[in-house]
Amino acid sequence: MNCEVCQLKELDVEYFEIGEVLRCILHTIFFHRALGLVRPKDVDLELFEITYVQCGDVELEKKVDEKIDQFIDRVEKHPNKKNQICLSFFEVKNKQATWFTHKVEHLYWEQWYINLNVAQHPKPHSGKSHHSKLVLDPGESASDERNARRATLESSLHEVLFQIIKFVNEKKDHIPLIPNMEGVSFPYEITISSSSDSAFGMDMFKRMLQTGHPTMLS
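The following refers to the structure shown. Along each chain, the written sequence defines residue order, and numbers are assigned to residues from 1. Where totals are concerned, whole chains, interfaces and linings use all residues; where local detail is concerned, this predicted model gives features only for residues with pLDDT of at least 70, and gives and counts side-chain atom pairs only at 80 or more. The basis for every side-chain value is the complete set of non-hydrogen atoms in the structure, without hydrogens or water.

1. Considering the overall build of the protein chain
Put simply, DSSP H or I for four residues or longer makes a helix, DSSP E for two residues or longer makes a strand, and each gets a number counted from the N terminus. Check the secondary structure of the protein chain and you find five helices and seven strands. Sorting the 218 residues of the protein chain into buried and exposed places 39% on the buried side. Residue pairs in contact within the protein chain that sit at least 24 positions apart in sequence constitute 76% of those at least 6 positions apart. Where accessible areas are quoted, they stem from the Shrake-Rupley method and a 1.4 Å probe; at the residue level, only the protein chains shown are allowed to cover. Of the roughly 13,600 Å² that the protein chain leaves accessible, carbon and sulfur atoms contribute 52%. Remark: exposure states derive from per-residue accessible area (1.4 Å probe, protein chains only) relative to the maximum for the residue type, with buried under 20%, exposed over 50%, and partly exposed in between. The contact criterion used throughout is that any non-hydrogen atoms of two residues lie within 4.5 Å.

So, in structure tokens, the structure goes:
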């Protein structure tokens, strides 16, 4: 089976922006790959002038939030690393059963790689120094820098959303027949990984070649 892969543009984010950014991207993908009828729900981001659409499925929203929480937890435990989420859609095929097992095979037909570079900031100095005001009162220049960075991220997030729309409009032939199942989404899984070097993503790719699917992290 042909598996289409989309590497989304890397985004530079701060810790407190992770949740909104990932929620926006993941739900946008799910909405454009939804099965049958959905109940579209517009969501306005609090940090950016961006509105995206969710499928209106409570169970899907819950699972996405659980994965985002796992991602944030991993960022806390492994700082100073680039981080990646992979959303994979697959078909479920029953393989020939043996005497003791019933094997199920996942045939991946589409994978989305979301790449985040989470900024790490030094903690404010706790000592009572006459320089402490410089930390507590960054001034206009720091405020302007934050506003510029936020505007850059908002623009980049718009680019990612357009990248998703362009991909789903151009890549259709690989989509399998709609399965006879409940729910708004094709079978899927969300995996998380991180790395500190430029070879980020290659280890997961090698595992895919060996096993046929990404490795789930505990």
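2. A look at the pattern of salt bridges
A side chain with one charge can pair with a side chain of the opposite charge if their charged atoms come near. What counts as a salt bridge is simple: a side-chain nitrogen of Lys or Arg found within 4 Å of a carboxyl oxygen of Asp or Glu. Following the criterion strictly, the structure yields 11 salt bridges and no others. In this structure, Arg149 engages Glu14 in a salt bridge whose closest nitrogen and oxygen atoms are separated by 3.1 Å. In this pair, Arg149 sits in helix H4 (residues 139-170) while Glu14 sits in the loop between strand E2 (11-13) and helix H1 (18-32), placing the two residues 135 residues apart along the sequence. On the basis of relative accessible area, Arg149 is assigned to the partly exposed category, the value being 24%. Judged by relative accessible area, Glu14 falls into the buried class, the value being 14%. With a closest N to O distance of 2.9 Å, Asp65 and Arg23 form a salt bridge. Highlighted residues: Asp65 in helix H2 (residues 58-77) and Arg23 in helix H1, separated in sequence by 42 residues. Under the relative-accessibility criterion, Asp65 is labelled partly exposed at 30%. One network of salt bridges, in which partners are shared, links Glu14, Glu17, Arg149 and Arg150.

3. Focus on the packing of aromatic side chains
Remark: the centre distance and the inter-plane angle together describe each pair of aromatic rings, the angle taken between the planes. Aromatic contacts are taken between Phe, Tyr and Trp rings whose centres are within 6.5 Å, Trp giving its six-membered ring; a plane angle under 30 degrees counts as stacked, one over 60 as edge-to-face, and the others as tilted. A complete count under the given rule lists six aromatic pairs for this structure. A ring pair is formed by Phe90 and Tyr108, whose centres lie 5.5 Å apart and whose planes are at 55 degrees; its orientation type is tilted. One end of the pair, Phe90, is in strand E5 (residues 82-94); the other, Tyr108, is in strand E6 (residues 104-118), with 18 residues separating them in the sequence. Pair check on accessibility: Phe90 and Tyr108 agree, each one buried. Measuring from centroid to centroid gives 4.7 Å for Trp112 and Phe167, while their planes differ by 65 degrees, and the two rings are edge-to-face. In this pair, Trp112 is assigned in strand E6 and Phe167 in helix H4, connecting sequence segments 55 residues apart. A network of ring pairs unites the aromatic residues Phe30, Phe89, Trp109, Phe186 and Tyr188 as a single cluster.

4. Observations regarding H2
Expected helix span is computed as 1.5 Å times (number of residues minus one). For H2, with 20 residues, the first-to-last C-alpha span of 29 Å sits near the 28 Å given by 1.5 Å per residue. Within H2, burial applies to Leu60, Glu61, Val64, Lys67, Ile68, Phe71, Ile72 and Val75. Looking straight down H2, one finds that the buried residues subtend no more than 145 degrees of arc, so they occupy a single side. Across H2 from its buried face, at more than 90 degrees, point the exposed residues Val58, Asp69 and Lys77. Pairs of N or O atoms are called polar contacts if they sit within 3.5 Å, as long as, within protein, a hydrogen donor faces a hydrogen acceptor (for residues adjacent in sequence, only side-chain-to-side-chain pairs). Where H2 begins, the capping side chain belongs to Asp57, and its oxygen is found 3.4 Å from the backbone nitrogen of Glu59. As used here, the arc belongs to the directions running from the helix axis to the C-beta atoms.

5. Side note on the environment of Gln163
By the secondary structure assignment, Gln163 is in helix H4. Separated by 155 residues in sequence, Gln163 and Leu8 have C-alpha atoms that sit 7.2 Å apart.

6. Quick look at the pairing of strand E3 (residues 41-44)
Two strands qualify as a pair provided DSSP detects at least 2 bridges between them. Two elements, E3 and strand E4 (residues 51-54), share four bridges in a ladder whose sense is antiparallel. Note that in E4 the partner of Asp44 across the bridge is Thr51. Between E3 and E4, which pair antiparallel one after the other, the connecting turn spans six residues.

7. Remarks on the side chain of Glu17
Note that Glu17 resides in the loop between E2 and H1. Residues within four places of Glu17 in sequence aside, it is in contact with Leu47, Phe48, Arg149, Arg150 and Leu153.

8. Some words on the nonpolar core
To qualify as a nonpolar core, a set must consist of buried Ala, Val, Leu, Ile, Met, Phe, Trp, Tyr and Cys residues joined through side-chain atoms within 4.5 Å. Counting residues in hydrophobic clusters, the biggest one holds 44 residues, and the most contacted among them are Leu8, Leu11, Ile18, Ile25, Trp112, Leu157 and Ile164. Per-element accounting of this core gives the leading share, eight residues, to H1. Ignoring any residue separated from it by four or fewer positions in sequence, one finds Ile25 in contact with Leu8, Leu11, Ile114, Leu157, Val160 and Ile164.

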